[in-house]
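Residue-level structure breakdown
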Amino acid sequence: MKEITKLMAHPFVMWYFGILGDALAIVGIVTAAMEVKIAGFTPILWFLLAIACYLGMVWAVTLRILTHLESRTES
C-alpha cells in the first residue's frame, strides 16, 4: 500500500490528470459545438470524464499533503 501511495503522490500524477482533464473538456466543447458523437460518447460524457480527471488531480494533491504530514510526524 505504501508503494501505491508513494507512486500516486508523485507530482507527475497531478500533471497527468490535469492535462487529461483539459483535453477531455476541449473534446467535449468541440463535440458540443459541432453536435456530433465520437464513438458513441455525447458531449456530456466527455465533460463527466473531465470532471473525474480533475477529481483525480485533487486526490493526488491530498495524498501529497498526507505523505508530507506523515513524514513530518515520523522525523
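Attention now goes to the overall build of the protein chain. For the protein chain, the helix and strand inventory stands at three helices and zero strands. Taking 11 Å as the expected radius of gyration for a compact globule of 75 residues, we find that the protein chain reaches 16 Å, considerably beyond that expectation. Principal-axis analysis of the C-alpha atoms places the extent of the protein chain at approximately 55 × 20 × 15 Å. Buried positions account for 24% of the 75 residues belonging to the protein chain. By sequence separation, contacts in the protein chain at least 24 residues apart represent 65% of the contacts at least 6 residues apart. If you sum the accessible surface of the protein chain, you get close to 5,700 Å²; carbon and sulfur atoms cover 75% of it. Once the 5 positive and 5 negative side-chain charges of the protein chain are each reduced to a mean point, those two points are 5 Å apart.

Another point: the nonpolar core. Formed by Met8, Ala9, Val13, Phe17, Leu24, Ala25, Trp46, Ala50, Cys53, Ala60 and Leu63, the largest nonpolar core amounts to 11 residues. Mapped onto this core, the elements with two or more residues apiece are helix H2 (11-34) and helix H3 (43-74). Top contributing element to this core by residue count: H3, with five residues. When near neighbours in sequence (up to four residues on either side) are disregarded, Ala25 contacts Phe47, Ala50 and Tyr54.

On to the confidence of the model for the protein chain, then. On average, residues of the protein chain score 90 in pLDDT, and 97% of them reach the 70 mark or higher. The weakest mean pLDDT in the protein chain belongs to helix H1 (residues 2-8) at 79; the strongest belongs to H2 at 94.

The rules behind each value
- Residues numbered from 1 in each chain as written.
- Predicted model: local features only at pLDDT ≥ 70, side-chain atom pairs only at ≥ 80, totals over all residues.
- Heavy atoms only, no water.
- Helix = DSSP H or I, 4+ residues; strand = E, 2+ residues; numbered from the N terminus.
- Rg over C-alpha atoms; globule rule 2.2 N^0.38 Å.
- Buried < 20%, exposed > 50% of the residue type's maximum accessible area, 1.4 Å probe, protein only.
- Contact = heavy atoms within 4.5 Å.
- Areas by Shrake-Rupley, 256 points an atom, 1.4 Å probe, with all protein chains shown as cover.
- Lys, Arg positive; Asp, Glu negative; His and termini not counted.
- Charge placed at Lys NZ, Arg CZ, Asp CG, Glu CD.
- Core = buried A, V, L, I, M, F, W, Y, C linked by side-chain atoms within 4.5 Å.
- pLDDT = per-residue confidence, 0-100.

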